[in-house]
Amino acid sequence: MNIVIFGANGPTGRILTEQAVAEGHMVTAVTRHPETFPHQNARLQVVRGDVFDLSSVEHAVSGKDAVLSTLGVPFSRDEITVYSQGVAHIVQAMNKYNVRRLVCVSSSATEPHYDPQGGFIFERIIQPTIIKTIGKTLYTDMRRMETLVKNSKLDWTIVRPSGLFETPAVTPYKMAETYIRGRFTSRADLANCMLSQLTNDQYLRKVVAVGTFAVKPNMLKLIMREAFQKKH
Ligand SMILES: NC(=O)c1ccc[n+]([C@@H]2O[C@H](COP(=O)([O-])OP(=O)(O)OC[C@H]3O[C@@H](n4cnc5c(N)ncnc54)[C@H](OP(=O)(O)O)[C@@H]3O)[C@@H](O)[C@H]2O)c1
């Protein structure tokens with residue numbers, strides 16, 4: 001397929017790009033910083049684009065068979081709009097060029113579920129702190145994005161991972177509609193799950209949760225890295 005990836009230069013986007021090229025897709029990787037993009041391949045085109053700029057989104061989407069988005073920004077106290085405005089532009093461009101298939105990343109934190117086996121510290125302190133304070137503006141915008149995607153007439157799938165971490169390869173991850181009990185998702189698994197949506201309609205116009213269970217990261221290290229040390 002001829003696919004375009006928004007957020008391609010982020011940690012998940014780079015893995016997704018590699019996997020998509022390896023599967024034989026023609027890939028257009030969209031980034032605001034093409035000079036920092038690490039991969040090269042005959043089937044890969046890297047283009048400069050900012051999702052706030054509709055014309056660059058339209059240019060990237062035109063002529064494609066499917067759109068994947070791993071767009072993201074770090075937590076911030078300020079209002080975040082990149083998810084909702086970015087996806088609004090993507091949906092607009094897809095409608096304009098009659099591109100139907102959209103797979104975009106959201107987060108399990110947009111619809112938290114209480115897990116009685118999750119432990120007091122995680123369920124009552126860590127998770128609420130992240131969702132209601134540190135990540136409040138981000139998850140508010142992700143929910144706006146989800147509503148926008150669900151209200152579109154596109155062939156969409158929203159993919160909700162839990163805390164992201166790195167594994168050297170794809171693991172035997174699990175998927176379930178809306179919610180899966182599991183705190184972590186490997187970026188390789190998330191990328192593989194997104195790509196698999198292009199050839200499988202099980203989660204068409206559905207939210208799919210994806211979790212990694214074969215490998216467990218150190219939770220404290222992961223939270224410190226993802227919440228406080230990410231630079232953009
Ligand atoms: N971290 C976690 O634990 C976690 C958990 C659940 C869900 N998620 C979500 O999973 C997704 C992937 O996360 P990630 O950590 O791999 O990636 P990420 O670091 O959140 O960011 C992905 C990329 O989005 C691009 N981007 C940001 N603003 C943009 C704009 N205005 N126009 C175009 N591109 C823009 C940036 O690339 P350029 O600067 O090169 O343009 C960035 O590298 C994100 O949506 C994230 O919120 C994360």
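Residues numbered from 1 in each chain as written. Predicted model: local features only at pLDDT ≥ 70, side-chain atom pairs only at ≥ 80, totals over all residues. Heavy atoms only, no water.

By the naming in an unreviewed UniProt entry, the protein chain is SDR family oxidoreductase, taken from Paenibacillus psychroresistens.

A few points about the overall build of the protein chain
Using the following cut-off: By the criteria applied, helices consist of DSSP H or I runs no shorter than four residues and strands consist of E runs no shorter than two, each listed in order from the N terminus. Each radius of gyration reported is based on C-alpha atoms, and the globular scaling rule is 2.2 Å times the count of residues to the power 0.38. The buried label applies to any residue whose accessible area, calculated with a 1.4 Å probe on protein chains only, is under 20% of its type's maximum; exposed applies above 50%, and partly exposed to all values in between. Here a residue-residue contact requires only that any non-hydrogen atoms of the pair lie within 4.5 Å. Only the protein chains shown count as cover for residues, and the accessible areas themselves come from Shrake-Rupley with a 1.4 Å probe. By the counting rule applied here, Lys and Arg register as positive and Asp and Glu as negative, while His and the ends of each chain are not counted. Working definition for charges: the position is that of NZ of Lys, CZ of Arg, CG of Asp or CD of Glu.
Scanning the protein chain for helices and strands turns up 7 helices and 10 strands. The C-alpha radius of gyration of the protein chain comes to 17 Å, within 12% of the 17 Å expected for a compact globule of 232 residues. Taken along its principal axes, the extent of the C-alpha atoms in the protein chain is 50 × 35 × 35 Å. A buried classification covers 50% of the 232 residues belonging to the protein chain. Sequence separation of at least 24 residues holds for 71% of the intrachain contacts in the protein chain that already meet a minimum separation of 6. Accessible surface, the protein chain: about 11400 Å² in total, of which carbon and sulfur atoms supply 52%. Across the protein chain, the 28 positively charged side chains and the 20 negatively charged ones have centroids separated by 4 Å.

So, the environment of Ser55
Position of Ser55 relative to the elements: it lies in helix α2 (residues 54–61). For Ser55, a relative accessible area of 48% corresponds to the partly exposed category. Along the sequence, Ser55 and Thr110 sit 55 residues apart, while their C-alpha atoms lie 29 Å from each other.

Structural notes on the side chain of Ser152
Here is the rule: Polar contact is defined as a pair of N or O atoms within 3.5 Å, subject to the rule that within protein one atom must be able to donate a hydrogen and the other to accept it, and that residues adjacent in sequence are counted only when both atoms are side-chain atoms.
Inspection of the secondary structure assignment puts Ser152 in the loop between α5 (136–151) and β6 (155–161). Looking at Ser152, the relative accessible area reads 13%, which means it is buried. Side-chain polar atoms of Ser152 contact the backbone oxygen of Val149, separated by 2.7 Å. Engagement of the side chain of Ser152 in a polar contact is seen with the backbone nitrogen of Leu154, the distance being 3.3 Å.

Focus on the pattern of salt bridges
If charged atoms from side chains of opposite charge come close, those side chains can pair. To be explicit about the condition: By definition, a salt bridge exists where a carboxyl oxygen of Asp or Glu is found within 4 Å of a side-chain nitrogen of Lys or Arg.
In total, this model carries 11 salt bridges according to the counting rule given. In this structure, Glu79 and Arg144 form a salt bridge, with 3.6 Å as the shortest nitrogen-oxygen distance. You can see Glu79 sitting in the loop between β4 (66–69) and α3 (82–96) and its partner Arg144 sitting in helix α5, a full 65 residues away along the chain. The class of Glu79 is exposed, set by a relative accessible area of 63%. The salt bridge partner of Arg181 is Asp115, with a shortest N-O separation of 3.3 Å. With Arg181 in the loop between β8 (174–177) and β9 (184–186) and Asp115 in the loop between β5 (101–105) and α4 (120–134), this residue pair connects regions lying 66 residues apart in the sequence. By relative accessible area, which is 45% here, Arg181 ends up partly exposed. Three or more residues are tied together by salt bridges with common partners; here these are Glu111, Glu146, Lys150 and Arg160.

Details of the side chain of Thr31
With respect to the secondary-structure elements, Thr31 resides in strand β2 (residues 26–31). You can call Thr31 buried: its relative accessible area is 6%. Contacts of Thr31, omitting those with residues within four sequence positions, involve Asn9, Val46, Val47, Arg48 and Gly49.

Description of the nonpolar core
Rules: We define the nonpolar core as a collection of buried residues of types Ala, Val, Leu, Ile, Met, Phe, Trp, Tyr and Cys that are connected through side-chain atoms lying within 4.5 Å of one another.
Core analysis: the largest hydrophobic core is formed by 39 residues, its most contacted members being Phe6, Val61, Val67, Ile90, Met94, Leu102 and Val149. Contributing elements (two or more residues each) for this core: β1 (2–6), α2, α3, β5, α4, α5, β6 and α7 (219–229). Here this core gets 7 residues from one element, more than from any other, and that element is α3. Beyond its immediate chain neighbours, meaning those up to four positions away, Met94 contacts Val61, Val67, Val99, Arg100, Arg101, Leu102 and Leu154. Counting 28 residues, the second-largest nonpolar core is a separate cluster that includes Ala29, Leu44, Tyr203 and Val210.

Regarding the sheet that holds β6
Operational definition: DSSP calls a pair of strands paired once it identifies at least 2 bridges connecting them. In this analysis an axis means a line fitted to C-alpha atoms, helices contributing only their contacting stretch, and an angle means the value between N-to-C directions, from 0 to 180 degrees.
Pairing within the open sheet is mixed, and its 8 strands lie in the order β3-β2-β1-β4-β5-β6-β10-β8. The two strands at the open ends of the sheet, each matched to only one other strand, are β3 (44–48) and β8. Between one strand and the next, the sheet's axes are offset by a mean angle of 20°, whatever the strand orientation. Where α2 meets the sheet, it contacts β1, β2, β3 and β4, and its direction lies at approximately 150° from that of β1.

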